[in-house]
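The chain contents come next:
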Amino acid sequence: MTLSKVHSIGLYALEGTVIEVEVDISAQLPAFVLVGLPDASLSESTSRVRAACTNIGFPLPSKKVVVNLSPAAVPKSGSSFDLAIAVSVLAAMDVIPAAATKGACFIGELGLGGSIRAVPGVLPMVLAARKAGFTRVFVAQGNLAEAALVEGVSVSGHSSFSQLVACLRGLEAIHFAETGVTDEPVAMPSHLDLQQVIGQDAAVEGLIVAAAGGHHLSMIGAPGAGKTMLAERLPGILPPLSVEQAVELAAIESIAGDGQAGIKLNRIPRFQSPHHSVSRAAMIGGGTGSPNPGAVSLAHHGVLFLDEALEFQVTVLEALREPLEAGSVVIGRASGSAVYPARFQLVLAANPCPCGNNGSLTKDCTCSFQTIRRYGSKLSGPILDRIDIRLAIQPVTIGAASGLATPPISTADAAARVATARQTAAERLSVIGRRLNGHVPGTEMRKHFKPGAKALTELDKLLGFGASSMRGYDRCLRLAWTLADLDGTTTPSKEHVQRAVALRGTETLVGN
C-alpha cells in the first residue's frame, strides 16, 4: 500500500480549481476518513466509494484510509469528486498503476453498484482542466457530449466504474471522443414569425430597433394587445450566437443542471420568462454553497422577458439595476464572491392600470388617478431610466385584423435588417472595443460618436428643461445611432434624434 495522488476539479460559480485527491492507507484500526473542508454531500462520498469498490470486486482493506482534498483551505462541495476519490483509493491499493492517472482529471458521481453518474457543471470543469494543463479528462457517459465541446483535451466517457478501472489497468482500450464544435448555419425556430403579428407595425419597428442596438424595451398596453406575442418573436430576429458566446452560455447552463444534449452547441439566443412570483435568488442567482446562476445569467446574450412586470416583487425588480448596467452579477457569500455574466436584453410588459384600459381608445378606464399612480410606482425611476425604448401598445383595430393594414414584415427580413445594422455598428465601434450601440458607455458615445450640434438640438432642450436625465440623454443618443445604422447613414440626423426621443417616451410608466 502506498500514497496515491489523483486530480479533479472543484467549481465555484464559473471558476474551476484543481483539487489534488491524496489517499494514504495505513495499518491502523479500520476507518475511512475524508479531510479538506468537504461539505455534507461530499462527506457522504466515503460510503458511495466503499460500496462501489466492493461491488466491482475490489473491497477496501481493513485498514485506515485517509483521503485529503488539497488545497485544504478551499471549501469543496458536491458529488463530482467521487470518481477521483475511488480511482485514488484503488491506486493506493496498487490496483491501478500510478502512471495511468498522470495528466488526467476524473469527474463524476458513483452509484453504490459501481455506475458513474452525470453531474452538473462539467463544461466549466473541463475548461478549467484544459487551462491547468491536463491532457485527459474522464467523465460520466452522460456528460461526454457536453465535455467534448472543449478542444485541446482528450475526453473519455464511461457509464461503469469497472469498465474505467479495466481501461486504466490496460485491460481495455481507452476511447476518446472527437472534441470541438463546427461552425454550421443555425436554423432559427420558424413557428414564431413576425408575419403573425397583425396591426402593430409601430411596435414591430420598435422591436427591430431594440434588436439592432441591443436596447432594453418596455411595452405598456391593454390585455390582449399582443405584448407577449411581440416579445416571443424578439429572439428570432437576433443574430445567432457565435461559437464563443454559445460555449460561455453552455457553461452557465451546465452549472444550472441543463447541459448540452448533443455535441453541437445550441446557438439560438435564449428566451427566459420567469413567473412574476419568482424570488430574488431565482432571478439574480444564489443558493447554499456555490451560488447557482439566476434567470438573468441564463438569458445571457438573449432575452429576459418579464410579463406582468408590475406584479413582480419590488425587491426583484430593483435587483435588476446592476446587471442592466454592468452586464454581470456578483453574488457575495462568506466563502467568496461568484461572478456570472448577465448581458441580456430586458423586455417588460405590463398593463397601464389594474383594469387595463387606461389610455385605451375604445374602452373606459374605471381606475382612480391615485390607483393608477400607485400601480405604476412599482417600477422605480432608476429602473425606468435604464429602459431605452418605451412602446405604448394599442389593441388591434378591426381593419388590421381583417388584413387591411400594411403587410407585416417577416422574421427573416427583419433579421437581415438587424444583422446589417449590427455589422455597421460593430465596424464603427471596433475602435473602442464594442459591438452594440446599447452597450457603449455614455461618456465614450459623447466623446467619440457625437453628432453635429443641429442634430442634438432636441436632446439639449430636454436636458435643459429637466425633462430628461443625463442617462436618458445618452440612451437617446444610442438609439439615434441605431436608427441611423438601420437606415444606412453614416451619422444620425435631426430626424433620427427626434425618432429616438419618441421611442424613448416619457419618464413615467403611465402616460407613455
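Quantities reported herein were computed from a predicted structural model and do not represent experimental measurements.

Basis of the calculations
One numbering rule holds for all chains: residues counted from 1, following each sequence as written. Two thresholds apply to this predicted model, a pLDDT of at least 70 for residue-level local features and 80 or more for giving and counting side-chain atom pairs, whereas whole-chain, interface and lining totals are computed over all residues. To obtain the side-chain values, all non-hydrogen atoms of the structure were included, while hydrogens and water were left out. Here a helix means four or more residues in a row that DSSP labels H or I, a strand means two or more in a row labelled E, and each is numbered from the N terminus. Burial classes: relative accessible area under 20% of the type maximum marks a residue as buried, over 50% as exposed, and values in between as partly exposed (1.4 Å probe, protein chains only). Whether two residues are in contact is decided by their heavy atoms, any of which lying within 4.5 Å being enough. In this description, accessible areas are obtained by the Shrake-Rupley approach with a 1.4 Å probe, and a residue is regarded as covered only by the protein chains that are shown. Charged-residue counts in this description rest on Lys and Arg as positive and Asp and Glu as negative, His and the chain ends being excluded. Lys charges are placed at NZ, Arg charges at CZ, Asp charges at CG and Glu charges at CD. In plain words, nonpolar cores are sets of buried Ala, Val, Leu, Ile, Met, Phe, Trp, Tyr and Cys residues tied together by side-chain atoms within 4.5 Å. How far a helix is expected to stretch is found by multiplying one less than its residue total by 1.5 Å. The arc in question is formed by the directions pointing from the helix axis toward the C-beta atoms. Only when DSSP finds a minimum of two bridges between them are two strands counted as paired. When a carboxyl oxygen of Asp or Glu lies within 4 Å of a side-chain nitrogen of Lys or Arg, that pair is called a salt bridge.

Undergrad: How should the overall build of the protein be read in this particular structure?
TA: Summing up its helical and strand segments, the protein has 22 helices and 18 strands in all. The principal-axis extents of the C-alpha atoms in the protein amount to approximately 85 × 45 × 45 Å. Of all 512 residues assigned to the protein, the portion counted as buried reaches 49%. Expressed as a percentage of contacts within the protein between residues at least 6 apart in sequence, the contacts between residues at least 24 apart total 74%. Of the roughly 21,700 Å² of accessible surface on the protein, 54% is carried by carbon and sulfur atoms. Computed over 43 positive and 42 negative side-chain charges, the inter-centroid distance for the protein is 5 Å.

Undergrad: Which parts of the structure should I look at to understand the nonpolar core?
TA: Proteins that are soluble and globular tend to have nonpolar side chains buried together. By size, the foremost hydrophobic cluster in this structure holds 49 residues, and its most contacted members are M219, L230, L234, I237, V347, I389 and L391. Residues in contact with L391, not counting those within four places in the same chain, are A203, G206, L217, S218, M219, I220 and L503. Judged by nonpolar contacts, the second largest core, of 39 residues, contains I19, L34, V89 and V95.

Undergrad: Please explain helix 18 (residues 411–429) as it appears in this structure.
TA: In an α-helix, one turn spans 3.6 residues; hence positions three or four apart end up facing the same way. Between the first and last C-alpha of helix 18 there are 26 Å, a value that for 19 residues agrees with the 27 Å anticipated at 1.5 Å per step. Turning to helix 18, its buried residues are T411, A414, V418, A421, R422, A425, A426, R428 and L429. Projected down its long axis, helix 18 shows its buried positions confined to an angular sector of 155°, all on one face. Opposite its buried face, helix 18 presents the exposed residues A412, T420 and E427, each directed more than 90 degrees away. The inward-facing, buried residues of helix 18 abut helix 7 (201–213), helix 9 (234–237), strand 17 (345–350) and helix 21 (470–487).

Undergrad: How should I be thinking about the pairing of strand 10 (residues 217–221) in this particular structure?
TA: In terms of burial, strand 10 is a largely internal element, five of the five residues being buried. Of the two faces of strand 10, both are covered, the one formed by L217, M219 and G221 as well as the one formed by S218 and I220. Of the strand pairs in this sheet, strand 10 and strand 17 are connected by four bridges, and their pairing is parallel. Of the residues in strand 17, the one forming a bridge with M219 is A349. Examined bridge by bridge, strand 10 and strand 18 (residues 389–393) share five bridges and lie parallel to one another.

Undergrad: How should helix 2 (residues 45–55) be read in this particular structure?
TA: Within helix 2, the full set of buried residues consists of S45, T46, R48, V49, A52 and C53. Viewed along the axis of helix 2, the buried residues span an arc of 165°, placing them on a single side of the element. Opposite the buried face of helix 2, by more than 90 degrees, sit the exposed residues S47 and N55. Summarising the contacts, the buried residues of helix 2 are in contact with strand 3 (31–35), helix 1 (40–43), helix 3 (82–92), strand 6 (109–110) and helix 6 (161–168). Of the residues flanking the end of helix 2, it is G57, one or two places downstream, whose phi is positive at about 100°.

Undergrad: Sorry, what's going on with the pattern of salt bridges here?
TA: Opposite charge on two side chains lets them pair, provided their charged atoms get close. Enumeration according to the criterion identifies 13 salt bridges in this entry. R48 is the salt-bridge partner of D82, the closest N and O atoms lying 2.6 Å from each other. Highlighted residues: D82 in helix 3 and R48 in helix 2, separated in sequence by 34 residues. Each member of the pair D82 and R48 is classed as buried. In this structure, D487 and R499 form a salt bridge, with 3.1 Å as the shortest nitrogen-oxygen distance. With D487 in helix 21 and R499 in helix 22 (residues 494–504), this residue pair connects regions lying 12 residues apart in the sequence.

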